[in-house]
Amino acid sequence: MNLSVPSIDDLSARVAAIRETHAATFPGPAEGRQPVHTVYVPADRFTPGTAAEFGAEALRLLNTHAPGAGTFGPAFGLDPGIAGAVRERVAAKLATEPVEDLRIDFEDGYGVRSDAEEDGHVAHAVESVAAAYEARTLPHYWGLRVKSFADGGHERSMRTLDAFLTALRDRLGRLPGGFTITFPKVVMAEHVAVFTDYLERLEGALGLPGGILRFEIQVETTEAIIDHEGRIGLRGIVAAGRGRMTGAAFGVYDYTAACGLPPEEQRLDHPACDFARNIMQVTLAGTGVRLSDGSSNVVPRHDSTDEVHGVWTEHADHVWHSLSNGFYQGWDLHPAHLPSRYAAVYRFYLEAVDDAAVARVRAWHERAAAGGEGGVPDDSASGPRTARLRNEQSGVLDEPATIRSLTALLQRAVDCGAVDPAVLPPTP
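Figured I'd write up the structure that's included with this text. (Residues numbered from 1 in each chain as written. Predicted model: local features only at pLDDT ≥ 70, side-chain atom pairs only at ≥ 80, totals over all residues. Heavy atoms only, no water.)

Observations regarding the environment of Gly81
The line we're drawing: For the purposes of this entry, the term helix denotes a DSSP run of H or I that reaches at least four residues, the term strand denotes a run of E that reaches at least two, and both are numbered from the N terminus. Using a 1.4 Å probe on the protein chains alone, a residue whose accessible area is under 20% of its type maximum counts as buried, one over 50% counts as exposed, and one in between counts as partly exposed.
Along the chain, the position of Gly81 falls in helix H4 (residues 80-96). Classification of Gly81 by relative accessible area gives exposed; the value is 65%. Between the alpha carbons of Gly81 and Ala189 there is a distance of 49 Å; along the sequence they are 108 residues apart.

What follows is the structure, given as structure tokens:
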């Protein structure tokens, strides 16, 4: 060496500072379970039994229009070898946890009402949430969608949220876990900054712990993708949330309309939507902000098998498109969407989590637990040991990033009920 260690101390300090900045900006993926969907219900239609009612109607549709594996498989394009297993798991899910995440909607699904009418529905929503919580029927994740700050609804939005949380505190004495606010139609980061300031003030006024009020945004404007100064808008939006932003959900119909697409092309799998979702993925990767895709607006016009199967086919195709592109959550608007949501999700995971994939992950983790790097060293690589390793059983040259992705896939499959927990590698 020509340079002594002390002579590069300043460079090492700069590298450490860069690492700290990167770690603060990109803390890594969010921890814990991510729901496979969010069901939006207009505030005036929400009751303590909404989730169970969605499940009961979805199960009725399933039993009426796909009563066995022989009809279920063709309806969703399933291989006969897994059709029975998928249907069994879908039916069990609809009977036990049909809705993983629910939003009481005071925005587009609800519309503009008089203050007196919306205040009345806020009070009704509080009583319904309290009753569901006490009966243990409130979904694991739940929350409100308030009105946008971008179109003059900001005062009504703040009034609704304040009234809801105040009344719920007085009714239950606490805020049930899993609560998330959906903040729609974000146009500028400054709107998010104002909303974040409001949440801080609301926490203080309600006596809530600081930072407990978290929110997701809806990416449904072109300005959220490319802002008014020509920059990627999401970067500033995340910064404006000051650690409170937990998710970003893509809004198909507002976004495609803003892009000038005709109604018949306003669909989840349009290339314009793929572009926006790619921007979301690249911008938000590693930030801890979860991604959610949008919804399909097709619903059955009548209760015939052909009609219901047509809706299921289109919706399942959209869910599959989302999953295959790395969006593991989406929106559902109707009970008919639940069978196709879970059928597509379970098919996706059952086809991905085969014996070979499980063996690759187990071999890697077992090797790591024994003090190695997992798998079998690749003899063609230089050096005695390398992080790129060949798995003898699968014949795949596994990268550490691939194993991390496979492990996360296994965990998602277990979380949603697609596969049994036994597929997970042993916990160190």
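Examining the packing of H4 against helix H13 (residues 337-352)
A pair of packed helices is characterised by two quantities: the angle between their axes and the separation of those axes. Worth spelling out the cut-off: The axes used here are C-alpha line fits, helices contributing only the stretch in contact, and every angle between their N-to-C directions lies in the interval 0 to 180 degrees. Oblique is the label for every angle not falling under 35 degrees (roughly parallel), over 145 degrees (roughly antiparallel), or within 65 to 115 degrees (roughly perpendicular). The handedness criterion is simple: a crossing whose near helix is rotated anticlockwise from the far helix by less than a right angle is left-handed, and one whose near helix is rotated clockwise is right-handed. Contacts are residue-level and defined by heavy atoms, with any inter-residue pair within 4.5 Å sufficient. Nonpolar residues are Ala, Val, Leu, Ile, Met, Phe, Trp, Tyr, Cys and Pro. Charged residues are Asp, Glu, Lys and Arg, and all others, Gly as well, are polar.
Interhelical geometry of H4 versus H13 gives an angle of 130 degrees and a closest axis separation of 9 Å. It follows that H4 is oblique to H13 by the angle criterion. For the element pair H4 and H13, the recorded crossing hand is right-handed. Of the residues in H13, those in contact with Ile82, Val86, Arg89, Val90, Lys93 and Leu94 of H4 are Leu338, Pro339, Tyr342, Ala343, Tyr346, Arg347, Leu350 and Glu351. By residue class, the composition of the contact of H4 with H13 is 10 nonpolar, no polar and 4 charged.

A short note on the pairing of strand S6 (residues 245-250)
Consecutive side chains of a regular strand alternate in pointing toward one face of the sheet and then the other. For the record, the criterion: Between any two strands, pairing holds if DSSP finds at least two bridges.
With 5 of 6 residues buried, S6 is to be regarded as a mostly interior element. Both strand S5 (residues 215-219) and S6 contribute to a ladder of 5 bridges, which runs parallel. Residue pairing across strands places Phe215 opposite Met245, the latter belonging to S6. In terms of strand pairing, S6 meets strand S7 (residues 290-292) through 3 bridges, oriented parallel. Directly across from Ala249, in S7, lies its bridge partner Ser292.

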